[in-house]
Amino acid sequence: MTTIDKARAAALLRKIRRRSVVVVGDVMLDEFIWGDVSRISPEAPVPVVDVRSESTHLGGAANVLANLLALGAQACVIGVIGKDFAGDRIQISLSEKSKLQTADMLIADSSRPTTTKTRIVAHNQMVVRADRENRTPVNGETQARIIATAQAAIAKAHALIVSDYDKGVITPRILAALLPEAYRRMPVLIDPKLRNFDAYRPATLVTPNHIEALRVTNLEEDSDQTLQAAARAIRSRLSCDAVLITRGNRGMMLLEGEGDPVCVATLACDVTGAGDTVIATLAAALAAGASMTEAAVLANHAAGIVVGKLGTASATDEELLNSIQ
């Protein structure tokens, strides 16, 4: 299995504390309602959840930021919120987590709600999820504000992450304004969605999951050979430096340059849902001078940590170092 030396990992984690990462993307609020089920509703054949507690967490691009801060990096997130309770809650959470004035980087738009995912969980099993969102692209004025805010932040940063959840914040106009400038100075990492796929250029690393990689390349068989072909096709299509395909319980596949792909075996049963942690760790490590393979191994360790936690979670630098033998 591809590994990293603990002393090297420790050195990189120390450097991460002196690195700044900008995240641009779809900011969300993850809301959890926790309870128990002991009966079925007489109104319909659905479980009745007796609510025991509620919690909220930063989601989407804001969760990428939370993961960067947990690793010790300096970071900010640029995105859009609504003028509503969920937007206020995100601003409060960001101010609690970050020493930076991140509220100035969140653009409030009264015409759309803050993207909110509400999960009802009973006995550690999700019963249902309800989404409040507007997936249409943000208007021209908001795009201009995102561009200006991001350009100012990028001028002082060491890496850029585009966290595209297809909720309307990432547009071809924004990508065209930010990516060429950032790519000349720092690693640029993209967590992609299909709608904007051909606009993700130039980029250092693109990180689709295996389903996205197969869909965007019109391939079907989910095998090692087919995913290698998908990674090469994506790299050729975007002219990016590298492609990292996350594969759930089968780890990751990294294709860098014209070489053979490197496979990183998962350290957990399944790392599905750890994408925010993966791209945050990749960006922080690359900003600190890690090789692409070293960054992938660290990201794999971080993903293995967060999947063992309930709800939206992140891995600290101490947890990450302790996970390396």
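Residues numbered from 1 in each chain as written. Predicted model: local features only at pLDDT ≥ 70, side-chain atom pairs only at ≥ 80, totals over all residues. Heavy atoms only, no water.

Asks: Just to check I follow, could you spell out the state of the cysteines for this structure?
Replies: In protein chemistry, a disulfide is the covalent bond that joins the sulfur atoms of two cysteines. Taken as a whole and assessed by the stated rule, the structure comprises zero disulfides. Of all cysteine sulfurs in the structure, the one in Cys 263 sits closest to Cys 240, which takes part in no disulfide; the separation is 17 Å. Overall, Cys 240 belongs to the buried group, its relative accessible area being 1%. (Disulfide = S-S within 2.5 Å. Buried < 20%, exposed > 50% of the residue type's maximum accessible area, 1.4 Å probe, protein only.)

Asks: Would you mind going over the pattern of salt bridges with me for this structure?
Replies: Pairing of side chains with opposite charge becomes possible as their charged atoms draw close. By the definition in use, this model includes 14 salt bridges. Residue Asp 36 pairs with Arg 52 through a salt bridge whose shortest N-O separation is 2.9 Å. In this pair, Asp 36 sits in strand E2 (residues 27-40) while Arg 52 sits in strand E3 (residues 47-60), placing the two residues 16 residues apart along the sequence. For Asp 36, a relative accessible area of 29% gives the class partly exposed. We note a salt bridge from Glu 258 to Arg 235, for which the minimum N-O separation is 3.0 Å. Pair noted here: Glu 258 is in the loop between strand E12 (252-256) and strand E13 (262-264) and Arg 235 is in helix H7 (residues 224-238), with a separation of 23 residues, a long-range link. Residue class for Glu 258 comes out exposed when judged on its relative accessible area of 67%. When salt bridges that share partners are traced, they join Arg 135, Asp 166 and Arg 195 into one network. (Salt bridge = Lys/Arg side-chain N within 4 Å of Asp/Glu carboxyl O. Helix = DSSP H or I, 4+ residues; strand = E, 2+ residues; numbered from the N terminus.)

Asks: I'm lost on empty space enclosed by the protein in this one. Help?
Replies: A water-sized probe rolled over the atoms picks out the places where empty space is left. Under the defined criterion, the tally for this structure stands at one cavity of 30 Å³ or more. For the largest cavity, the calculated volume is near 80 Å³. For the lining of the largest cavity, the residue count by class is five nonpolar, three polar and three charged. (1 Å grid on protein atoms, 1.4 Å probe; cavity = no way out; pocket = protein on both sides within 12 Å on 5 of 7 lines; lining within 4 Å. Points joined across faces, edges and corners; volume = space filled by probe spheres on them. Nonpolar A, V, L, I, M, F, W, Y, C, P; charged D, E, K, R; others polar.)

Asks: For this particular structure, what's the right way to read the environment of Ala 283?
Replies: Its location among the elements puts Ala 283 in helix H8 (residues 275-287). For Ala 283, a relative accessible area of 0% translates into the label buried. Separated by 124 residues in sequence, Ala 283 and Ala 159 have C-alpha atoms that sit 6.3 Å apart. Here Ala 283 is in contact with Val 21, Ala 159, Ile 161 and Leu 189, once residues within four sequence places are set aside. (Contact = heavy atoms within 4.5 Å.)

Asks: Please clarify how the nonpolar core should be interpreted in this entry.
Replies: Within soluble globular proteins, side chains that are nonpolar generally end up buried alongside one another. Core analysis: the largest hydrophobic core is formed by 60 residues, its most contacted members being Leu 68 and Leu 282. With ten residues, the single largest contributor to this core is helix H9 (residues 292-306). Residues within four places of Leu 282 in sequence aside, it is in contact with Leu 189, Leu 205, Thr 207, Leu 244, Ala 295, Ala 296 and Ala 299. Among the nonpolar cores identified, the runner-up in size contains 44 residues, and Val 24, Ile 146, Leu 178 and Ile 190 belong to it. (Core = buried A, V, L, I, M, F, W, Y, C linked by side-chain atoms within 4.5 Å.)

Shape is all these values report; function is a separate question.
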